[in-house]
Amino acid sequence: MTGRSIFYQLLALLVLSCGIAGPALAGAGAGDSREMIVNGVPVEEGQISWQVFLTRTWTDANGDTWVSWCGGSLIAPQWVLTAAHCLEDEGVAHKPQEMEVGYGSVHRSKLKTVKVEEVIPHAEYESKGSDIGLIKLKRPIGIIKQIEIAELRREIDKLPTP
């Protein structure tokens, strides 16, 4: 398999991940389950079990606490594929101890969580726009199905060739 082939498989995976990032989570306790949905539609519990919810909590120099969140896809029991912009600020990777991954439900209030061991934004994200990255979890998530690259072959085949 060539580097170019792997690139397009990962690109397809990211595109599909971004496409389902919106529907993965509903607001905790909200009457409208679309509160957290961006460019997507509500899904049933367990329908896209590989989808995860990334959170980062940190305190700035002024003592103010901030929280940010993104989506990602479980691609192996201990690995999450996400966007590099979710993993760094101005070329500096987020600290793993600031991050947590939620999984196992479409509702924030029902998520199980796992700590992050390593944050790996693409090395050329800032300079070349390679908005892709990986998160290594402190422990495997074995109770849900990860998205498998081989299952995406038909989706990859639909991508335009450069």
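Residues numbered from 1 in each chain as written. Predicted model: local features only at pLDDT ≥ 70, side-chain atom pairs only at ≥ 80, totals over all residues. Heavy atoms only, no water.

Q: Go over the overall build of the protein, please, and point to the residues and values.
A: A count of helical and extended segments in the protein gives three helices and eight strands. Each helix and strand of the protein, placed in order from N terminus to C terminus, yields the pattern α-β-β-β-β-β-β-β-α-β-α. For the protein, with 162 residues in total, the buried portion stands at 36%. Taking all contacts inside the protein whose residues are at least 6 apart in sequence as the whole, residues at least 24 apart take part in 58%. As displayed, the protein offers around 9400 Å² of accessible surface, 54% of which is attributable to carbon and sulfur atoms. (Helix = DSSP H or I, 4+ residues; strand = E, 2+ residues; numbered from the N terminus. Buried < 20%, exposed > 50% of the residue type's maximum accessible area, 1.4 Å probe, protein only. Contact = heavy atoms within 4.5 Å. Areas by Shrake-Rupley, 256 points an atom, 1.4 Å probe, with all protein chains shown as cover.)

Q: Now, about the pairing of strand 6 (residues 99-103): what can you tell me, with residues and values included?
A: Within strand 6, four of the five residues are buried, which leaves the element mostly enclosed by the surrounding structure. Relative to strand 6, strand 1 (residues 51-59) is paired through four bridges, and the arrangement is antiparallel. Paired with F53 across the strands is G102, a residue of strand 6. In terms of strand pairing, strand 6 meets strand 7 (residues 112-121) through four bridges, oriented antiparallel. Looking at strand 7, one finds that E100 is bridged to K115. (Pairing = 2+ DSSP bridges.)

Q: Kindly report on the pattern of salt bridges, identifying the contributing residues and their values.
A: Scanning the model with the defined rule gives four salt bridges in all. Across the pair D89 and R56 runs a salt bridge, and its minimum N-O distance is 3.1 Å. Note that D89 is positioned in strand 4 (residues 88-89) and R56 in strand 1, a separation of 33 residues in sequence. With relative accessibility at 8%, the residue R56 sits in the buried group. We note a salt bridge from K136 to E117, for which the minimum N-O separation is 3.4 Å. Residue K136 is located in strand 8 (residues 133-137), and its partner E117 is located in strand 7; the two are separated by 19 residues in the primary sequence. On the accessibility criterion, K136 (21% relative accessible area) is partly exposed. One salt-bridge network, held together by shared partners, links R56, D89 and E98. (Salt bridge = Lys/Arg side-chain N within 4 Å of Asp/Glu carboxyl O.)

Q: Break down the packing of aromatic side chains for me, citing the residues and quoting the values.
A: Applying the stated criterion to the full structure yields one aromatic pair. Relative to W69, the ring of F53 lies with its centre 6.5 Å away and its plane at 40°, an arrangement referred to as tilted. You can see F53 sitting in strand 1 and its partner W69 sitting in strand 2 (residues 65-76), a full 16 residues away along the chain. F53 gets classed as buried once you look at its relative accessible area, which sits at 8%. Positioned above the aromatic ring of W58, the side-chain terminus of R56 is 3.8 Å from the ring centre. (Phe/Tyr/Trp six-rings, centres within 6.5 Å; stacked < 30°, edge-to-face > 60°. Lys NZ or Arg CZ within 6 Å of the ring centre and 35° of its normal.)

Q: Kindly report on the sheet that holds strand 1, identifying the contributing residues and their values.
A: Read around the barrel, six strands follow the order 1-2-3-8-7-6 and close on themselves; strand pairing throughout is antiparallel. Between one strand axis and the next, the sheet turns through 40° on average, direction left out of account. In this structure, strand 3 (residues 79-82) lies alongside strand 8, joined through four bridges in antiparallel fashion. Along strand 8, the bridge assignment pairs V80 with I135. (Axes fitted to C-alpha atoms, helices over the stretch in contact; angles between N-to-C directions.)

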